[in-house]
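# Structural description and commentary
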Amino acid sequence: MISDWLHDLRYAGRALARSPGFTAVAVLTVAIGIGANTAIFSVVNAVLLKPLELPEPDRLVRVYDGSAGTLGTASPPNFVDWRRDNTVFEDMAAYASTGAALTGVGAAKRVAGAAVTAGFFPVLGTAPMLGRAISSADTVAGQERVVVLSHGLWQRHFGADPGITGRTVQLEGRDYTVIGVMPPGFEYPAGAELWAPLGFSEEELATQRGAHYLDVIARLKPGVTVGEASAQMTALARVLELRHPDTNTGASAAAVGLREAIVGDVRPALLILLGAVGFVLLIACANVANLLLARTAGRKRELAVRCALGAGRGRLVRYVLTESVVLATAGGVAGLLLAGLGLKLLLMLPVEAVPRLEGTELDGKVLGFTIAVSMLTGVLFGLLPALRAGSSSDLTGALKSGSAAITADRAGGRTRGALVVAEMALAVLLLTGAGLLLKSFVELQRVDPGFNPSGVLTFDLALPTARYPEPGQARAFFAELDRSIEALPGVESAAGVFGLPLSGFNYTISVEKQDGGPAYENPGEERYTQVRIITPDYFRTMEIALLAGRTLTESDRAGTQPVVVVNESAAKLLWPGDDPVGHTFELGTTLGLEGPHVGGTVVGVVADVKHQGLGEESQPEVFAAHSQFPVDFMSITVRTAVPPESLIGPIREQLRAIDSELPMDQVRTMEQRVAESVAQPRFYMLLLSVFAGAALFLAAIGIYGVIAYAVRNRINEIGVRRALGACAGDVLRMVIGRAMALALGGLAVGLLAAFALTRVLSGLLYDVSATDPATFIAVAVLLPAVALLASYLPARRAARIDPMTALREE
């Protein structure tokens, strides 16, 4: 048996080598299908399947608090109560993502990090490779100036010094003692390079139940499921609602697997892409099956003679399957190379578009997937030709001439035509999906963000508390920075904002007082607004429209009556149907370095801004003056009359002249930030468009192959038609008519399938229906046009057949 299979393998190799054109086309077709599937499976494997590089990752969960109206971050008191009262977790920990200016080691650099509670590292199951982790003693007020470094930061900035523990480093102008270094690869939360202690004072626990800024993680006890943990968190939320109705009425809580929490909402989109490349593979299989059917039909007499000489039909089926598996194996190898190239191009896109995308690689699991798909593909596209090769009626007809052979060829032609219809239908489905995503992306790009991003440079700046402990210092610093930047040639205006649009930074606070009285009567009626602290020229710099009243000015300074500006959404929330100018309100938490709770008299109303994303609803926002509510962290915005990038150097020099130890962080133009905000929909749109283009190309090759084969087999018939008076135009119409019949059949089936299946894209579309008529019409026009183009060359060849030559060949 093995010797027979080896013989078939050698013979298949020689036979394919004798037909290099056929072999090259078949291998390339298979390679496109397998390469696309391998590339996308690599992404799915990295994002959805690969476990987190943490001990027992399936026991790790993210715990969400719903006290602010939506599931999100938790407040310190709620977290402390959860940790004390739950019975489903081994332990819980909380952290707040932050950053710090690292000085004293080369140039000042802003380093991403997190402030974490005691138990953070044990919950994640990872201990430092050097030193120790953060303990409860480190979170006590006055004892918290210790830090744990990431392996990468330890190597880059401290030369992998093995004696780093106990060494003092400067963060935000203050001395911190290094107590540990984490092992390679540990970066949680994503991008963090240092971790400092996070503790809560008795005052914070008594007053900050409404301040939601903590991300909470936990490790399940053995045997406890995520569902059981989530159910208990919901029950605890009900208990806290009864204990604290003023802040927790209507609250909820939930536990979600940590990997699921990291991946977020990308799972449906990636599974859709995986299904899309599966369709591309099916089209490739149909194409190669058509090629093999045509090849088998041309070798019928050879196969019939083999059968007549004693070769069993099973042996013929096995031989043709062996040939298809050889083709699939070669296509798999080529596909793996194409996948490697495709992944390099894929990772050139912003990796932030999809969580964990940077971990995509062709590992052992992907290699196993490619091998399995290659074998399955070989059987899939080789099965039908193999069965036809072993058909008794076909083999008998191959030894005859006349009607039997003609009947067999017609049956084969119908099979090849059906495969082309299937290819066209799948291509229609992918084209429709790609068209919907493309139109959705175009609509998203047309959204007015509420500001003009053109010509605006932005960067983040944080003042070290050690060197700027007084509110007056922060006021003076940012005012001087604005003036020095505005003095540069090419700068039109400059301003700072606490909470830059599309930065992902938001601070939401409940409204406590309104027009001199309580803002709500009963628990659960709280209303929330986001807070932005700005310097005077912010609205002018960002070109945000003023709708009523005035903006904040230099006269709104410390010691004067606090004033604020609200956006349209806040005005509708707090004073529906009324002019908000002149009304007063106060928020529930102090935000800033000093002073009362944020609030005051409304002096103006501005247009809504898309802070969360272009496709997200605008939220209520309050804008307060930095001089009245100073903060030590601001994003600086600079409107320029010259290319914004050209001013990075001069602005850095101005900053050094004021404070040489302050690093500029997150330096980019506002247009870049807008582009980054739509990186994920762009990623999905580009990939599905590439797959749809590949599907259309393969379908066009398929229809070309079928029509070309039909013309070659009907040379004598065409010669007779021409001899009896048919003109070249008649032959052209006949051949193209056959192609259009196949294309229209595939179009009809594909549009029906698309109408039913594109609804799965609804969650990825913005302002576009899953059954958008314009997209369906565009596909209905495009596909016949491509079919016409693909069939034109064989049709023109048929029209040029000389009748006398054709009859002589007969």
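Residues numbered from 1 in each chain as written. Predicted model: local features only at pLDDT ≥ 70, side-chain atom pairs only at ≥ 80, totals over all residues. Heavy atoms only, no water.

### Observations regarding the packing of helix H23 (residues 728-757) against helix H24 (residues 773-799)
The relative placement of two packed helices is expressed as an angle between their axes plus a distance between the axes. Following both chains from N to C, one finds H23 and H24 inclined at 150°, their axes separated by 8 Å at the closest point. As summarised for this structure, H23 and H24 are arranged roughly antiparallel, according to the angle between their axes. For H23 against H24, the interelement crossing comes out right-handed. For the contact of H23 with H24, the class distribution of residues is 24 nonpolar, one polar and one charged. (Axes fitted to C-alpha atoms, helices over the stretch in contact; angles between N-to-C directions. Helix = DSSP H or I, 4+ residues; strand = E, 2+ residues; numbered from the N terminus. Parallel < 35°, antiparallel > 145°, perpendicular 65-115°, else oblique. Left-handed = near helix turned anticlockwise from the far one by under 90°. Nonpolar A, V, L, I, M, F, W, Y, C, P; charged D, E, K, R; others polar.)

### Quick look at the packing of helix H2 (residues 20-49) against helix H21 (residues 679-713)
Closest axis-to-axis distance for the H2/H21 pair is 11 Å, and the angle between their directions is 165°. With respect to H21, the element H2 is oriented roughly antiparallel. For the crossing formed where H2 meets H21, the hand is left-handed. Seen from H2, the contacting residues are Thr29, Ile32, Ala36 and Ile40; seen from H21, they are Leu687, Phe691, Ala694, Phe697 and Leu698. Taken together, the residues of the contact of H2 with H21 sort by class into eight nonpolar, one polar and no charged. (Contact = heavy atoms within 4.5 Å.)

### Notes on helix H7 (residues 226-243)
Taking 1.5 Å of rise per residue, the 18 residues of H7 would be expected to cover 26 Å, and the 26 Å separating its terminal C-alpha atoms lies within 8% of that figure. By the burial criterion, the buried members of H7 are Ala229, Ser230, Gln232, Met233, Leu236, Ala237 and Leu240. For H7, the angular spread of buried residues about the axis comes to 160°, placing them on one side. The outward face of H7, more than 90 degrees from its buried face, is lined by the exposed residues Gly227 and Leu242. On its buried face, H7 is in contact with strand S1 (60-65), helix H3 (76-85), strand S2 (89-103), strand S9 (215-220), helix H8 (245-248) and strand S10 (253-257). (Expected span 1.5 Å × (residues − 1). Buried < 20%, exposed > 50% of the residue type's maximum accessible area, 1.4 Å probe, protein only. Arc of directions from axis to C-beta.)

### With respect to the packing of aromatic side chains
Considering all chains together, one arrives at 16 aromatic pairs under this definition. Taking 6.4 Å as the distance between ring centres and 25° as the angle between the ring planes, the aromatic pair formed by Phe120 and Tyr188 counts as stacked. With Phe120 in helix H4 (residues 120-124) and Tyr188 in the loop between strand S7 (174-181) and strand S8 (194-197), this pair connects stretches of sequence that are 68 residues apart. Above the ring of Phe755, the side-chain terminus of Arg759 is found at 4.8 Å from the ring centroid. (Phe/Tyr/Trp six-rings, centres within 6.5 Å; stacked < 30°, edge-to-face > 60°. Lys NZ or Arg CZ within 6 Å of the ring centre and 35° of its normal.)

### What about the environment of Ser230?
As for its placement among the helices and strands, Ser230 is situated in helix H7. Remark: the alpha-carbon pair of Ser230 and Ala255, spanning 25 residues in sequence, is separated by 4.4 Å. The residues touching Ser230, leaving out its near neighbours within four places in the chain, are Ala253, Ala254 and Ala255.

### Focus: the nonpolar core
With 98 residues, the main nonpolar core has Leu270, Val354, Tyr538, Phe691 and Ile703 as its most contacted residues. No other element matches H21, which puts 17 residues into this core. Dropping the residues within four chain positions of it, Phe691 is found in contact with Ala36, Ile40, Leu273, Ala276, Val277, Val280 and Leu430. Grouped together as the second largest cluster of nonpolar side chains are 43 residues, Ala624, Met634, Ile651 and Leu655 included. (Core = buried A, V, L, I, M, F, W, Y, C linked by side-chain atoms within 4.5 Å.)

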